[in-house]
2 protein chains.
Amino acid sequence: MHFADRLVAAVRRVGNPVLVGIDPRPEDLPVGFLDRFPNDRAGVAEALRVFGNNVVDVVAGKVAAVKFQSAYYEAYGPEGVQALHTTSHHARESGLIVIIDGKRNDIGSTAEAYARAYLGKVPVADAFVPSWDADALTVNPYLGVDGISPFVKVASREDKGLFVLVRTSNASAIEFQDLVANGKPVYRHVADRLTGWASPHRGASGYSLVGAVVGATYPAQLAELRACMPGVLFLVPGYGTQGARSVDVAPAFEEDGQGAIVNNSRGLCFAYNRAALKEKYANRWEGAIEEALEEMIQDLSANTPAGRLNASN
Amino acid sequence: MHFADRLVAAVRRVGNPVLVGIDPRPEDLPVGFLDRFPNDRAGVAEALRVFGNNVVDVVAGKVAAVKFQSAYYEAYGPEGVQALHTTSHHARESGLIVIIDGKRNDIGSTAEAYARAYLGKVPVADAFVPSWDADALTVNPYLGVDGISPFVKVASREDKGLFVLVRTSNASAIEFQDLVANGKPVYRHVADRLTGWASPHRGASGYSLVGAVVGATYPAQLAELRACMPGVLFLVPGYGTQGARSVDVAPAFEEDGQGAIVNNSRGLCFAYNRAALKEKYANRWEGAIEEALEEMIQDLSANTPAGRLNASN
C-alpha cells in the first residue's frame, strides 16, 4: 500500500495527527533509569533500547506514527545504532509507522545507498534483503534533485516515503532558507521544486510519498507553504518545547483536518520531567507520557482542523 | 594539537594533499571478495570491514587522511555501522586522520548529540567517554548557525574539525546553491558566514578547524571561493570518476600548495576495476590501488600548487 495512503489511513484510524518523537537523550531519562544498566557505552545503549521500547508500548494504538532521532542513538556508537534498529522494528511490529529522522543527504550512488539502507533493500549474494526497513526518512535538500531522486526511486518501489526539509523550526533557519532569490525565498524555491518531485507520486488519498518538513514556529510561512504545496504531507516540528502552540500549527492542515502530522519529542517522551507531572506520577513515568499525549491530542483537536478527523471517521 | 595544524602537518609530512575516500559499495568489491564471507547482512558487513582495513593498510604512511562514506556502512544496518567503527579506529591507529562523511545536520541538543558522537565524548555514568572518536565530520549548512555552532563548540574543545558543505560537485548543485540573493549566490552566502564561523578557531598554521567542502567540477567557483575564504581548509570532491582533472582542482590551493585536500573515492579504492589495472594486477587488487594512488599524487604534484609541498619540506 502506498506510503501516504497508509499514513493518512492510520491518522484517520486513531483520529489525531500526533507524531511521537523519540529523542532519548540520556540526561533526560527518568530518575534512576540508567542505574539498572551497566556503566559503559553498551549499557547506556541498552537503556536507550529499553526506554524506547517502553515509549512505543505507551503510545502504540494511540497515534499513527513515531519519529526516531538518529543522533541520540549514533551517539552511543554501533551499540546505540543497534538499539535504534531493535526499537524501530518493535515500533513497526506494534503497528506504528516509523520515521527515521536522519536528515540524510548525498548524491548518486551514495544517496542510493542511504535510500536502500533505510527504505529499501540491500544486495546480499544474489538477493536483496531489507536492512532498516523504516517507513520514511527525513532528507536535506541542499544538494538539489541529485540528492532527492534516488530516495524517491527507492521509496516509490518499496511503498515508503520521505520528508524533505523545506523550512525548519529553528531561529537561524532564516540565515539561508529565507534569502530571497528571483523574488521568492530559498525555502519557497525548495517548496516549488519539491511539489514537482512529489506530484507524480501521489496515492489514492491524493497525497504523495514525498512529504515536507515545515516548522511550526513561523505560522505565516506554514500557511503560505500549505497553500502552494497541494498533495504534500507536512511533518511539522516545533510544537511544545520549541514554543509553537496549536494555533501556530493550525495552518499546516487542510480544511478537512488532513495534510499534516505534528511532532512533539521532548514534550512527550520526557513529560515526566515537567513539574506538575513529576509530582503526580513520581516513578510511574509512563503515566506522565500518556497524560501529556492525551493533552496534546485534545489541544490539536480543539484548536486546529485536525478536530475534524474524528467527525469524518 | 589543533585539528588544522595536525592536518596541515600531516599533508606536509607525506608531501601530497590526497584524501583517500573509502566508499565500500559491495557491487564494486574485487571479484570473489564477498565469497569469503557468510551470505547474510552481517557477512557483507564483515567483508566491508576487511576490505576497508586492507585499503587503510595500503594507503597508511602514503597519505595524510582517509574519508569514510557512512552511507555504505549504514546500508548494512548495525553490523555495517560496527564495521565502520572498527575500520575508522584501525585507520587512526595506523596514523591516518579520519574524516567521517556523514553530512549530518540538525539543531540544538540534537546537533550536539551528533557532535559528541563523532567528535567528542558522550556521558556514561559520571564520566564522558569517546564514542566514534573521528577527527572530523562533514556537515550540511541548510539549518544555519544553529546547526553549526554545536559542532564547532565540541570540535574546538576536543581538537577535532568539521567540513561544511558550501558548493557541492554534483550537476544539480546549481538548483539551490546557485540561486542569487542580494547580488550573490547562496553558496557564497554560506561561504561568507562560514568564514566568520571559522575565523576565531584558527591554529598556529593559520587554518581553522572549520573547513569547507567545495567541489572541483566548477573550477571558476573554486577559485572564487579560495579567494574569499582565507584560513579555511577545503575538502575538494570531484577528482577522478566524477570528471574533474588536476587542472580543475588547482584553484583550491594557495600558492604555497597548502589549503586543500583532494578526495578520490571510487577512482582509488576501486582502481582494480579500471581495464588497464585489472589486466595488470588481476587478483592483486591492492597493487592496483597503490598504482592509482601514486598516479594521482604525481598528477597533483605536476599540475597544481601542491607540487610545492615537497619543495618546502
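Residues numbered from 1 in each chain as written. Chains lettered and ligands numbered in written order. Predicted model: local features only at pLDDT ≥ 70, side-chain atom pairs only at ≥ 80, totals over all residues.

(A) A look at helix H5 (residues 108-118) of chain A. Within H5 of chain A, nine of the eleven residues are buried, which leaves it mostly tucked inside the rest of the structure. Along H5 of chain A, the residues that are buried comprise Thr-110, Ala-111, Glu-112, Ala-113, Tyr-114, Ala-115, Arg-116, Ala-117 and Tyr-118 of chain A. Looking at the buried positions of H5 of chain A, the neighbouring elements they touch are strand E3 (97-104), strand E4 (121-124), strand E6 (136-139) and helix H6 (149-158) of chain A together with strand E2 (65-69) and helix H3 (70-74) of chain B. (Buried ≥ 20, exposed ≤ 12 C-beta atoms within 10 Å, placed from the backbone. Helix = DSSP H or I, 4+ residues; strand = E, 2+ residues; numbered from the N terminus. Contact = placed C-beta atoms within 7 Å.)

(B) A look at the interface of chain B and chain A. If you look at the interface, chain B gives 59 residues, while chain A gives 59 residues. Of all the secondary structure elements, the ones that give two or more residues to the side of chain B that touches chain A are helix H2 (41-59), H3, helix H4 (77-93), helix H5 (108-118), strand E4 (121-124), helix H7 (174-177), strand E8 (180-181) and helix H8 (186-198) of chain B. With six residues, the single largest contributor to the side of chain B that touches chain A is H5 of chain B. Partitioned by chemical class, the residues of the side of chain B that touches chain A number 31 nonpolar, 16 polar and twelve charged. (Nonpolar A, V, L, I, M, F, W, Y, C, P; charged D, E, K, R; others polar.)

(C) A look at the sheet that holds E3 of chain A. All names here are of chain A. Pairing in this closed barrel of eight strands is parallel, and the strands run E1-E2-E3-E6-E7-E10-E11-E12 around the ring. Direction aside, neighbouring strands of the sheet carry axes that sit 30 degrees apart on average. Pairing of strand E2 (residues 65-69) with E3 involves five bridges; the strand directions are parallel. Bridging across to E3, Phe-68 finds its partner in Ile-100. Where H6 meets the sheet, its contacts fall on E6, strand E7 (161-167) and strand E10 (210-214), and the angle it forms with E7 comes to roughly 145 degrees. (Pairing = 2+ DSSP bridges. Axes fitted to C-alpha atoms, helices over the stretch in contact; angles between N-to-C directions.)

(D) Summary view of unusual backbone geometry. The backbone of Ala-125 of chain A sits at a positive phi, close to 50 degrees, despite the residue not being glycine. Within the fold, Ala-125 of chain A resides in the loop between E4 and strand E5 (127-130). Within the chain, Lys-103 of chain B stands out as a residue other than glycine whose phi angle is a positive 45 degrees. Counting through the fold element by element, Lys-103 of chain B comes out in strand E3 (residues 97-104).

(E) Region of the structure containing the relation of the copies chain B and chain A. Once chain B has been moved 0.0 Å along the axis and rotated by 180 degrees, it coincides with chain A to within an RMSD of 0.0 Å. Those values place the two copies in the arrangement expected of a two-fold rotation axis. Scanning chain B for the C-alpha nearest the rotation axis identifies Ala-181 of chain B, at a separation of 2.3 Å. By residue overlap, the copies meet face to face through one surface: 100% of the interface positions of chain B are interface positions in chain A. (Least-squares fit on C-alpha atoms with pLDDT ≥ 70 in both.)

(F) Layout of helix H4 (residues 77-93) of chain A. With 17 residues, H4 of chain A should reach 24 Å at 1.5 Å per residue; the first-to-last C-alpha distance of 25 Å fits that figure. Within H4 of chain A, twelve of the 17 residues are buried, which leaves the element mostly enclosed by the surrounding structure. For H4 of chain A, the complete set of buried residues consists of Gly-77, Pro-78, Glu-79, Gly-80, Val-81, Gln-82, Ala-83, Leu-84, His-85, Thr-87, Ser-88 and Ala-91 of chain A. Packed against the buried residues of H4 of chain A are helix H2 (41-59), E2, helix H3 (70-74) and E3 of chain A together with H4 of chain B. (Expected span 1.5 Å × (residues − 1).)

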